Amino acid sequence: MRRGWGVPAFAALLQLVGAVAPARADFVVAPDVVVYCEPTLRPIVADIAERWRQASGVPVHIFSSPTWAMLEQIGHRARGDLIIGEGEANADDAARRGFIKPETRHDLWRNRLVVAALKDDKRAGGDLKTLVGTGPIAIVDPPVGLAGADGRQALTALGLWPDVESRAAGVIDTADAVFLLREHKAAAAVVYATDVAVTPVLAVAAPLPENDYPPIRYWVAETHNVLSPETAAFAAFLRQAPAQEIAHAEGLEVLP
């Protein structure tokens, strides 16, 4: 007759399984920190991450996309420890949907929109209206990204949007706008100050008045599926002097 497990034998089996299969919290997790950030911030975060790696020995892996896309990825449990996002509304939405830990959220930096030209272009630093009227203007398509929508709002306030719209070379993001400018396929581009700061051949032809578009502010927070044990330490490093000096040098305003 086939015999089943007795209680003592079954208890012994459970003890054995417990000995060889640790609980999830006991698994060893690599210290590497995975960070999501806005595309224009990627070079800056990479420089900060390298300073951190030199000091701590812990690598940082960086992925970039617009904040709304990052939140969707995190919502689908993509591997990620920190998010550096843009806009208070996005941060509030992320907290409401349980994608970030609200208590870990901190304001980091502010960016600005500028009209950029090639550094050797004599029109750089001149009259914005004259520059806008000289050729194609690379600008993010307003329905696609905040840089385009905010740029249109600022140019409308200046009375320049009709001229820009008639000459616009629409792009997906400011990196594409920089590319068109560098390839001499545009006379100017509406980009972030950070894009100019990390691209040596570019210069600010004219800033867009900061009161004519919403503030561009970035925050950092731990995601709901944080894994790296070094996450909090790197998040703290982002707010310390070495990191803030890099951010400031590369076009960002450090927030208190």
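Criteria and thresholds
Residues numbered from 1 in each chain as written. Predicted model: local features only at pLDDT ≥ 70, side-chain atom pairs only at ≥ 80, totals over all residues. Heavy atoms only, no water. Helix = DSSP H or I, 4+ residues; strand = E, 2+ residues; numbered from the N terminus. Contact = heavy atoms within 4.5 Å. Areas by Shrake-Rupley, 256 points an atom, 1.4 Å probe, with all protein chains shown as cover. Pairing = 2+ DSSP bridges. Axes fitted to C-alpha atoms, helices over the stretch in contact; angles between N-to-C directions. Core = buried A, V, L, I, M, F, W, Y, C linked by side-chain atoms within 4.5 Å. Buried < 20%, exposed > 50% of the residue type's maximum accessible area, 1.4 Å probe, protein only. Phe/Tyr/Trp six-rings, centres within 6.5 Å; stacked < 30°, edge-to-face > 60°.

Before we go on, may I ask you to explain the overall build of the chain in this structure?
Scanning the chain from N- to C-terminus turns up 11 helices and 11 strands. Within the chain, contacts between residues separated by at least 24 positions form 81% of all contacts whose residues are at least 6 apart in sequence. For the chain, the exposed surface amounts to about 13,200 Å²; the carbon and sulfur share of it is 56%.

Honestly, the sheet that holds strand 3 (residues 82–86) in this entry has me stumped. Any pointers?
Strand pairing in a sheet is mediated by backbone hydrogen bonds. Such pairs are either parallel or antiparallel. Strand order in the open sheet made by the six strands is 2-1-3-10-4-11, with mixed pairing throughout. Looking at strand neighbours, the two that pair on one side only are strand 2 (60–64) and strand 11 (253–254), the edges of this open sheet. Where strand 1 (residues 33–37) meets strand 2, five bridges bridge the pair, whose relative direction is parallel. Paired with Tyr36 across the strands is Phe63, a residue of strand 2. Contacts from helix 3 (residues 67–75) reach strand 1, strand 3 and strand 10 (216–222) within the one sheet, and its direction differs from that of strand 3 by about 150 degrees.

Looking at this structure, I do not really get the nonpolar core. What am I missing?
One broad trend across soluble globular proteins is that nonpolar side chains are buried collectively. Leu41, Ile48, Ile84, Trp109, Leu208, Phe234 and Leu238 are the most contacted members of the largest nonpolar core, which totals 64 residues. With six residues, strand 5 (residues 113–118) is the largest single contributor of residues to this core. Core analysis: the next-biggest nonpolar cluster, separate from the first, contains 12 residues, Ile74, Ala94, Phe99 and Trp219 among them.

Where do I start with the packing of aromatic side chains in this structure?
For any pair of aromatic rings, the description consists of the separation of the ring centres together with the inter-plane angle of the planes. Applying the stated criterion across every chain yields a total of three aromatic pairs. Consider the rings of Trp52 and Phe234, whose centres lie 5.5 Å apart with planes at 65 degrees: the pair is edge-to-face. With Trp52 in helix 2 (residues 42–56) and Phe234 in helix 10 (residues 231–237), this pair connects stretches of sequence that are 182 residues apart. On the basis of relative accessibility, which here comes to 8%, the residue Trp52 falls in the buried class. By the ring-pair criterion, three or more aromatic residues cluster together here, those being Trp52, Phe234 and Phe237.

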